[in-house]
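One-letter residues, chain by chain:
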Protein chains: 2
Amino acid sequence: MSKKERPIGFIDSGVGGLTVLKEALKQLPNENVIYLGDNARCPYGPRPKEQVLEFTWQMTHFLLSKQIKMLVIACNTATAVALDEIKQKLDIPVVGVILPGARAAVKATTTNKVGIIGTQGTIQSASYERALLEKVPSIEPFSLACPRFVPIVESNQARSSVAKKIVAETLQPMQRAKVDTLILGCTHYPLLKPLIQNVMGQSVHLIDSGVETIGEVSMLLDYFNIAHLPENKHPQREFYTTGSTVAFNQIARAWLEKSDISAKHIHLTGE
Amino acid sequence: MSKKERPIGFIDSGVGGLTVLKEALKQLPNENVIYLGDNARCPYGPRPKEQVLEFTWQMTHFLLSKQIKMLVIACNTATAVALDEIKQKLDIPVVGVILPGARAAVKATTTNKVGIIGTQGTIQSASYERALLEKVPSIEPFSLACPRFVPIVESNQARSSVAKKIVAETLQPMQRAKVDTLILGCTHYPLLKPLIQNVMGQSVHLIDSGVETIGEVSMLLDYFNIAHLPENKHPQREFYTTGSTVAFNQIARAWLEKSDISAKHIHLTGE
């Protein structure tokens, strides 16, 4: 298998990274892809850093055994903790979801008031704030942890009235902060996008890490000249989960609008 | 001077690349920048490929003597002809304006009908069509050369009634093509953006190469860890032109909204 034909690997704590994968299927339909969700140990947000690092390495090793040509850490918590170390140790390009989101916010804001929502782990790491301020020192970031969002999405309740209530309650401080741009700093959150947009108002620019991250993947494929050749008639799309395949398939099929998704169950070392 | 402090170099056939530079000042305010416009030999669009390649190398050598850490070919005609060769021969990252624009169009389109406008040289090279189809084979590109647009901008008439008439006349075939996304495939064209948007209709997504290219520059600065450290109190902003400094300064000051721009005149070998 030539380098160009090798798959791009995606890892996430659960189903959130599917929002990134969905963009890959749109923007890069010729690419072969492999997705691994660590649903059995989701959420990563409240876990200690050392554990998130360990789990992320386990997922990475699994995908390296599948001959991936690029790794996308499609999880903000894992990106905040593990990107630098993994990028340094691997000889393939490694992309996280934080810098693409921060860059897109810098591009979009006109008032320099930028909001960030994410898991407890991501917000505590202050990774977005740092990335924003390093780029544009005059930006005023406002961060808010939303620990109740991931469980809603993982339990497939993103369209329920409970979800609506929780989103409205949680975002109250963000509404008061008068941001013009809001980074959805967790790959699960685009599944709640209509609810979030509704609470924040139509004029607030929502930044979807997935869309931006695939822009970066696309760029790196071109830059390193490893994009798949056009017209891949039967692109490989493999899905793995450490959790229930039934639950994973249900969300993945609905979100990706593909009825033929059939994830395989795997165990990771130490899981 | 450490690598991070070295400037980013921008080259263009004239003032069009200032639309790219403007985005750099917004998205990357800490970076030192040097701009060179070859106004004396503008436009590049109708020139033979060999000549465009020669002129682009001359500009590149001038900026290399200024210790740039990255080169942005902020001109579509020059990118189409010279990017591959220059990128291969230089040991600093080199970025063109075509792939970022194509990628952004792939991201934006929902109907897969994508229009491209550019100079004769850019359209004849079919660079955008190739880039689009390599990414997403189902895209239907529609290309249109607009040779009258650059002279309007270079003569500082972008807001005149003549400009309005020429834009409306030229874009008639594009209107009929019913595209949902239009790539402004020439860095001069964002100066005509309100007129173009008006003719095409508000629902058509206009892709500004400059905005997208700086997104790529920002990404590569991060990827190679060569972004300038935050809080550059006195960023270096140098401007050079092979043409009239008076005319250059007039357009640059208005477009960049900076009254202190004072370009230096230079001669390039063989000019």
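Along each chain, numbering runs from 1 in the same order as the chain's sequence is written. Written order determines the labels here, with chains lettered from A and ligands numbered from 1. Where local features are concerned, this predicted model is filtered to residues with pLDDT of at least 70; where side-chain atom pairs are given and counted, the filter is 80 or more; whole-chain, interface and lining totals use all residues. Water and hydrogen atoms play no part in the side-chain values, which are based on all heavy atoms of the structure.

(A) Geometry of the pattern of salt bridges. The salt bridge definition used is simple: a Lys or Arg side-chain nitrogen within 4 Å of an Asp or Glu carboxyl oxygen. Taken as a whole and assessed by the stated rule, the structure comprises 20 salt bridges over all chains. Of the charged contacts in the structure, one is a salt bridge between Asp222(B) and Arg103(A), with a shortest N-O distance of 3.0 Å. Separated into two different chains, Asp222(B) in helix H11 (residues 209-223) and Arg103(A) in helix H4 (residues 98-108) make up a pair that spans both. Here the two residues Asp222(B) and Arg103(A) agree in accessibility, since each one is buried. Here Glu169(A) ties to Lys165(A) by a salt bridge, and the two come within 3.2 Å at their closest N and O atoms. Linking Glu169(A) with Lys165(A), this pair stays in helix H8 (residues 161-170), spanning four residues, or about one helical turn. With a relative accessible area of 54%, Lys165(A) lands in the exposed category. Connected through salt bridges with shared partners, the residues Arg103(A), Lys135(A), Glu216(A) and Asp222(B) form a single ionic network. Helical segments are the DSSP runs of H or I of at least four residues, strand segments are the runs of E of at least two, and each set is numbered from the N terminus. When accessible area is computed with a 1.4 Å probe and restricted to protein chains, residues below 20% of their type maximum are described as buried, those above 50% as exposed, and intermediate ones as partly exposed.

(B) Quick peek at the interface of chain A and chain B. We call two residues in contact when some of their heavy atoms are within 4.5 Å. Listed as interface residues are 30 residues of chain A and, on the opposing side, 30 residues of chain B. Buried area: the sum, over both parts, of the accessible surface (1.4 Å probe) that disappears when the two are put together. Approximately 2,700 Å² of surface area, both sides summed, lies buried where chain A meets chain B, with 55% of it carried by carbon and sulfur atoms. Interface area lost by chain A to chain B is led by Lys107(A), Met219(A) and Tyr223(A), which between them contribute 25%. Run the count over chain A and chain B and you get six salt bridges. In protein, a polar contact means a hydrogen-donor-capable atom and an acceptor-capable atom, both N or O and within 3.5 Å, with residues adjacent in sequence counting only if both atoms are side-chain atoms; elsewhere, any N or O pair within 3.5 Å suffices. Taken together, the connections running from chain A to chain B amount to 18 residue pairs in polar contact (both at pLDDT 80 or more).

(C) The pairing of strand S3 (residues 70-73) of chain A, seen in detail. Residue and element names in this part refer to chain A. Side chains of S3 alternate between two faces, with Met 70 and Val 72 and Leu 71 and Ile 73 buried alike. When DSSP finds two or more bridges between a pair of strands, those strands are recorded as paired. With four bridges connecting them, strand S1 (residues 8-12) and S3 associate as parallel partners. Of the residues in S3, the one forming a bridge with Ile 11 is Ile 73. When S3 meets strand S4 (residues 94-95), the two strands line up parallel, connected through two bridges. Residue Val 72 lies in a different strand from S4, and its bridge partner there is Val 95.

(D) Examining the relation of the copies chain A and chain B more closely. The two copies are related by a screw operation: chain A maps onto chain B through 180 degrees of rotation and 0.0 Å of translation along the axis, at an RMSD of 0.0 Å. This pairing of chains is accounted for by a two-fold axis. Using C-alpha coordinates, one finds that chain A approaches the rotation axis most closely at Glu216(A), a distance of 3.9 Å. The overlap is high: 100% of the interface residues of chain A also sit at the interface in chain B, so the same surface is used on both sides. Alignment of copies: least-squares fit on C-alpha atoms of residues with pLDDT of at least 70 in both copies.

(E) Examining the layout of surface pockets more closely. Of the two site types, the cavity is a set of points on a 1 Å grid over the protein atoms alone where a 1.4 Å probe fits but cannot get out, and the pocket is an open set with protein on both sides within 12 Å along at least five of seven lines, each lined by residues with an atom within 4 Å of a point. Grid points are joined across faces, edges and corners, and a volume is the space filled by probe spheres set on the points. In this structure, the largest pocket occupies an estimated 1,000 Å³ of space. Around the largest pocket, the lining comprises 47 residues; the ones closest to its centre are Asp84(B), Leu99(B), Arg130(B), Ala131(B) and Glu134(B). Elements with a contribution of two residues or more to the lining of the largest pocket: helix H11 (209-223) of chain A together with helix H2 (49-64), helix H3 (76-89), strand S4 (94-95), helix H4 (98-108), helix H5 (120-125) and helix H6 (127-135) of chain B. It is H3(B) that provides the largest number of residues to the lining of the largest pocket, a total of seven residues. In this classification, the charged set is Asp, Glu, Lys and Arg, the nonpolar set is Ala, Val, Leu, Ile, Met, Phe, Trp, Tyr, Cys and Pro, and all remaining amino acids, among them Gly, are polar. A breakdown of the residues in the lining of the largest pocket according to their chemical character gives 22 nonpolar, 13 polar and 12 charged. In this structure, the second largest pocket encloses a volume near 880 Å³. Taken together, 35 residues form the lining of the second largest pocket, with Asp84(A), Leu99(A), Glu134(A), Asp222(B) and Asn225(B) sitting closest to its centre.

(F) Seen up close, the nonpolar core. Buried Ala, Val, Leu, Ile, Met, Phe, Trp, Tyr and Cys residues that are joined via side-chain atoms within 4.5 Å together make up what is termed a nonpolar core. Core analysis: the biggest nonpolar cluster contains 117 residues, and Ile117(A), Leu171(A), Ile196(A), Ile117(B), Leu171(B) and Ile196(B) have the highest contact counts within it. Setting aside its immediate chain neighbours within four residues, Ile196(B) contacts Ile117(B), Phe149(B), Val167(B), Leu171(B), Leu182(B), Leu184(B), Tyr189(B) and Leu206(B).

(G) Inspection of the domain arrangement of chain A at higher detail. Residues and elements named next belong to chain A. Throughout, the edges of the domains are those of an automatic or database domain assignment. Segmenting chain A into domains produces domain 1 (3-96 + 211-265) and domain 2 (98-209). Each of domain 1 and domain 2 has a C-alpha centre, and these two points are 22 Å apart. Opposite the 27 residues of domain 1 that make contact, domain 2 presents 25 residues. Roughly 1,900 Å² of surface becomes buried between domain 1 and domain 2 when both sides are summed, with 58% attributable to carbon and sulfur atoms. Looking at the side of domain 1 facing domain 2, the largest losses of area belong to Asn 76, Glu 212 and Ile 251, adding up to 29% of the total buried there. Remark: the boundary between domain 1 and domain 2 carries one salt bridge. A salt bridge links Arg 103 to Glu 216; its shortest N-O distance comes to 2.8 Å. Our count for the domain 1 to domain 2 interface comes out at 16 residue pairs in polar contact (both at pLDDT 80 or more).

(H) The UniProt feature "active site" (unreviewed entry) in chain A, seen in detail. All names here are of chain A. UniProt positions are given in the numbering used here, feature names are shortened, and annotations may be inferred rather than shown by experiment. Here the UniProt feature "active site" (unreviewed entry) sits at Cys 75 and Cys 186. Spatially, the listed residues are clustered: although they cover 112 residues, their C-alpha atoms lie within 6.6 Å of one another. Residue placement: Cys 75 occurs in the loop between S3 and helix H3 (76-89). On the basis of relative accessible area, Cys 75 is assigned to the buried category, the value being 4%.

(I) Looking closely at the pairing of strand S2 (residues 33-37) of chain B. Residues and elements named next belong to chain B. Counted residue by residue, S2 has five buried out of five residues, so it is predominantly covered. Every second residue of S2 is oriented toward a common face, with Val 33, Tyr 35 and Gly 37 on one face and Ile 34 and Leu 36 on the other, all of them buried. Pairing of strand S1 (residues 8-12) with S2 involves five bridges; the strand directions are parallel. Among the inter-strand pairings, Gly 9 is bridged to a residue of S2, identified as Ile 34. Seen with its strands pointing away from the viewer, a crossover is right-handed if its path from the first strand over the helix to the second goes clockwise. Running through helix H1 (residues 18-27), the crossover from S1 to the neighbouring parallel element S2 is right-handed. The sheet contact formed by S2 and strand S9 (residues 237-241) spans five bridges and is parallel.

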